[in-house]
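One-letter residues, chain by chain:
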Amino acid sequence: MFSLQKGRCSWSLVATVASILALVSVVHLFLVPVIPSFEYFGARQAQTLCIPVNGSGSGGKVTVLENGSIDSIGSEDNKQILQPMVNLTVRYPSDLHNAVVYHGAPWKAEIGRWLSGCHPNAATVKVVEEIGGKSCKNNCSSQGICNHELGQCRCFLGFTGEGCSERQELSCNYPGSNDHPYGPWVVSICPAYCDTSRAMCFCGEGTKYPDRPAAESCGFQINPPSGPDGHPSTDWSKVDMDIFTTNSSKRGWCNVDPEEAYSGKVQFKEECDCKYDGLWGRFCETPVQSTCINQCAGNGYCRGGFCQCDEGWFGADCSTPSISLSITKWPQWLRPAHIRIPDTANEHVNTVSLNAAVEKRRPLIYVYDLPPEFNGLLLEGRHFKLECVNRIYDHRNSTIWTDNLYGAQMALYENILASPYRTLNGEEADFFFVPVLDSCIITRADDAPHLNMREHGGMRSSFTLEFYKKAYDHITAQYPYWNRSAGRDHIWFFSWDEGACYAPKEIWNSMMLVHWGNTNSKHTHSTTAYWADNWNGISSERRGTHPCFDPDKDLVLPAWKRPDASSLNSKIWAWYWSLKPREKRKTLFYFNGNLGPAYEYGRPEDTYSMGIRQKVAEEFGSSPNKAGKLGKQHSPDVIVTPQRTERYHEQLASSVFCGVMPGDGWSGRMEDSILQGCIPVVIQDGIFLPYENFLNYESFAVRIREDEIPNLIHVLRAINETEIEFKLANVKRIWQRFIYRDSVMLEADRQKTAFGFGEDWAVKFSELTEDDAFATFIQILHYKLHNDPWRRELGPWKKDFGVPAECRLYTL
C-alpha cells in the first residue's frame, strides 16, 4: 500500500494510485457480498491517498492533521475539498431495499455506509475534563447540594434561597369555598394533616398512625354507582370521618393495625391504599427505597426522589466529583485520568478547578445540571409512586419495573449520566443534553397548588411549554454554550403524547427526542382527544409556528417497555421466534386496543386516534360493536378487537402483521410488534416511528396510507412469502434496539452491589449482546456529528474527532 508523507504529493503518484483504486473498486464491486463486513479497512487507511477536487493541482499543499487525517489541499486563500480516500458508496453498496446493514440493522443507505466505514473505526481522543471547585453560600445550610461547577445551591423540597436557608410553605389544597370547603379537586387534596414541606397529606396527630398517608379519595365520602353499569364517585366536598374512627369492628384507615387487617379481624376503607413513594405494604407500614436518578450513583441518599449527595459529590444523581474528592473515587467514565493542577490553585481561591486528561470516544455529551425543579423536586413528593418512573422498590428493596411508557425519559437520562460519552468540558462537547423531566410534569401538573395550572387555564400543554422556557432561560443565563450554535447542538426530550408540538419557539433549532414524530404534513393541528393536552390555542408568540417533528434534525425514540423476567423466561420477548416460525403464524393481521365510541368502554371522542382505529374496526372488526355488528370485511385470520386478553403478547407473536396506529398521540404498538417478532403495519400518515428517519423501514415494516385502509388486507395478502420472510428476519435482528437494556443493566449492577446477587431479569438481560436503544442513539449522534449540514457553517473544526479522513465533515 502506498503511504503519504507530510509535504507535497507527487502527481504521477496520485495518478497511479487513482488508477489502481479505480480498478480495485470495479473488481471489488463484483467480488464483495451485498452486505460486506466493516473490517475491510482500518482507521489508519485514511492516510493513504491525496486526491484534490477542482483546480489545476499545481503547487498545492496537503495539510495533515495531528491525528493523521488529511484536511485540505491548496493555499489558505484557495483551499480545495479533498475527495474521500475510500469510496463508501462502492465499498458498502445498498441492497434491493436501498438499505445498508450495520450491526445487524438495515439503515438508510447513506447512514449505513457512514456507520459501517466510520463508526467502528473511531479512535479515542484526549479530552481535558474540568473538575469543579466553587463553593456555595453557607454550604447550602445542609438543606441542599452545592453545584461546584457554578457555585450554586440545589435546595431540597421545602427550602429555597441562595443558601437554602428559607423555608417554603407548600399547601396541599387550594383556597376553599362554601361549595368546596377543601378547595377544588387536585391529586393532593387533603382532609387531614398537610405536611407543608412536601405538600403531602397524612393522618396526623391524634391517630394511631399519624405518618400514614391519607391521599386522594381516602379521606372523602364515596357515592355508590348511579346505575347497574356505573362506577362509584367521590364527593370532594364531604370528608369521610370514618377514616379516623376507632370502632373495634371497622377501624378507620388512620387507626387500622396492619396485622389485624391482614388477618381479616377488622374492615377498612378499600379506597385507601399506600400511594406515596418510599413506603410499602397495604398500610404503608414498611419504609423502602424511593426512586432517584441512578439511585444517586451510590454516592448519596435518595430522600423521596431527591439525591442528597455525600461530601465531595454533586449533580442530579451525585455522579459528578468535586476537587475535594480523591481521584480514586471518581466514576468509571472519568478514568483513567491524569491530573493537571493549575498554577493559581491554593486554599484561598474559591473558583479553582482541576483539569484531568482522559481518553474518550466521540460523540461527547455535556449534561446540564439543572436546578432541581426540573428533576429531583419533580420526583420528590410524588403523590402516586408510579408517576413518571420506570421502577419502584418493594419491601425487600428489590426492583419492581413499571409499565409506564414514559419511563424511557428516565432510562435515557440515567444512561447518559453514566456513559463514557459524557463530558464535563463544554468546550469539548459535541452535544448538550438539557434534562427536563416532562414525563413527571404530565402526571404532576395538577399535583398540588405549587404545581398549579390556573394561570394556564388548566392546559397541561401550556404549563409544560412554560417549564421548558424556564429551562432555556436558565442555561442561556448561566452557561455560554447555547449561542455558539444557536442551540442546534442541544438535545431536549419531549416524552409527552404529542411530542414537541408544544416546544417553545426559542428552542426549536435544537434536536428534539420524542415518541411522536408528527411532521404536520397531513395532521396539521393538535391530534389529541384530551382537552388539557391540546396545543392549538397556544399563541405563536410563545410556540412559534414550528411542526411537531422535523426529520432533518429530530429523533423518535422507543417507548419504555417493562423488562419482565417471566416473559423472558417463557421466550415471548422475541425469543418466541424459535417457537413461532412463519408456518405457525396463523393470524394474518392483529390489533388489540381501544377502538373508539362504537364499542363498549371505547373512548367517546370521534377525534381519538384521529379516527384511524375506528376506520380499521369499521372494515375489519372481529368483535361485535355496540350495534352487534362485525367489520364489513371481517375475516377468520384477521383480529381487530378491543377485548383485553392476558395472552396479548402470545397473540402478537402468533401473527404475521400487527397494526401500529396512534392513540392520543403516540402509542407503544410499534414496540409491541417488534418485541414479539411481528411485522409492524404502520397506519398514520406523515408521522414517523422510532428511528424511522435513520433505519430503513421498508426492510422490516409495511406502511399503509390512511386512505388505503379499506384495501389493507388485500395489500397484505399480496406480499409474497420471500418478502415476508425477509421482513420477519429483520424484525428478529433489530428487536434489541427497541429496549433500554443498558439502563436495565445499570440497575442490575446497583442491585448486585447492594445484595450480592442478580435477579432473574438481570441474568436474562445480561445475556443480550446486540445494540440496544442507547447504543442506537449514540450511533445516530455520531453520524449527525459529521453529517449535519449546519456544522459546515461553524467550521473549520479544530477538535480531534478520532475518525478517518473520509468520515470528516469537510469545510471550505
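Keep in mind that what you see is a predicted model, and the values were worked out from it rather than measured.

Cut-offs applied
- Residues numbered from 1 in each chain as written.
- Predicted model: local features only at pLDDT ≥ 70, side-chain atom pairs only at ≥ 80, totals over all residues.
- Heavy atoms only, no water.
- Salt bridge = Lys/Arg side-chain N within 4 Å of Asp/Glu carboxyl O.
- Buried < 20%, exposed > 50% of the residue type's maximum accessible area, 1.4 Å probe, protein only.
- Helix = DSSP H or I, 4+ residues; strand = E, 2+ residues; numbered from the N terminus.
- Contact = heavy atoms within 4.5 Å.
- Polar contact = N/O pair within 3.5 Å; in protein donor to acceptor, adjacent residues only side chain to side chain.
- Lys, Arg positive; Asp, Glu negative; His and termini not counted.
- Pairing = 2+ DSSP bridges.
- Axes fitted to C-alpha atoms, helices over the stretch in contact; angles between N-to-C directions.
- Core = buried A, V, L, I, M, F, W, Y, C linked by side-chain atoms within 4.5 Å.
- Parallel < 35°, antiparallel > 145°, perpendicular 65-115°, else oblique.
- Left-handed = near helix turned anticlockwise from the far one by under 90°.

(A) Region of interest: the pattern of salt bridges. Taken as a whole and assessed by the stated rule, the structure comprises 40 salt bridges. A salt bridge links Asp195 to Arg198; its shortest N-O distance comes to 2.9 Å. For Asp195, a relative accessible area of 13% puts it in the buried group. You can call Arg198 partly exposed: its relative accessible area is 31%. The residue Asp403 makes a salt bridge to Arg562 at a minimum N-O spacing of 2.8 Å. Note that Asp403 is positioned in the loop between β24 (399-401) and α6 (407-417) and Arg562 in the loop between β30 (555-556) and α11 (565-569), a separation of 159 residues in sequence.

(B) Here's a closer look at the environment of Val186. Mapped onto the fold, Val186 is located in the loop between β9 (166-167) and β10 (193-195). Val186 sits in the buried class, given a relative accessible area of 2%. The spacing of Val186 and Cys172 is 14 residues in sequence and 8.8 Å in space, taken between C-alpha atoms. Those residues in contact with Val186 that lie beyond four places of it in its chain are Cys172, Tyr174, Asp446 and Asp447.

(C) How the structure looks around the environment of Ser322. Secondary-structure assignment places Ser322 in the loop between β19 (320-321) and β20 (337-340). For the pair Ser322 and Ile131, spaced 191 residues apart in sequence, the C-alpha separation works out to 5.7 Å. Once residues lying within four places of it in the same chain are set aside, the contact partners of Ser322 are Ile131, Gly132, His148, Gly312 and Phe314. Here the side chain of Ser322 touches Ser324 through a polar contact of 3.0 Å, side chain to side chain.

(D) Here's a closer look at the side chain of Asp95. Here Asp95 lies in the loop between α2 (88-91) and β3 (99-102). For the buried Asp95, no salt bridge exists, and the shortest N-O distance to an oppositely charged side chain is 8.5 Å, to Arg733. One polar contact links the side chain of Asp95 to the main-chain amide nitrogen of His97, over a distance of 2.9 Å.

(E) How the structure looks around the sheet that holds strand β33 (residues 655-660). If you trace the five strands from one edge of the open sheet to the other, you get β32-β31-β33-β34-β36, paired in parallel fashion. A single partner strand is all that each edge strand has here, and the edge strands are β32 (638-641) and β36 (702-703). Two strands pair when backbone bridges link them, and strand β31 (residues 587-592) and β32 are joined in this way by four bridges, in the parallel orientation. Opposite Phe591, over in β32, you have Val640 as the bridge partner. Each of β31 and β32 is contacted by helix α12 (residues 612-620), which is oriented at about 130 degrees to β32, the strand it contacts most. Sheet strands in contact with helix α16 (residues 721-734) are β33, β34 (679-682) and β36, and its direction is about 100 degrees off that of β34.

(F) The arrangement of the nonpolar core in detail. Trp492, Phe494, Leu513, Phe589, Phe657, Leu716 and Phe777 are the most contacted members of the largest nonpolar core, which totals 150 residues. In terms of residue count, helix α19 (residues 773-787) provides more of this core than any other element does, eight residues in total. Setting aside its immediate chain neighbours within four residues, Phe589 contacts Val616, Asp637, Val638, Ile639, Val640, Phe657, Cys658, Gly659, Val681, Leu712, Ile713 and Leu716. Among the nonpolar cores identified, the runner-up in size contains 33 residues, and Phe159, Cys292, Leu334 and Val358 belong to it.

(G) Expanded view of the packing of α6 against helix α17 (residues 741-755). At a closest axis distance of 9 Å, the pairing of α6 and α17 adopts a crossing angle of 70 degrees. Taken together, α6 and α17 sit at an angle that is classed as roughly perpendicular. For α6 against α17, the interelement crossing comes out left-handed. Facing Ala411, Glu414 and Asn415 of α6, the residues of α17 in contact are Asp742, Ser743, Leu746 and Arg750.

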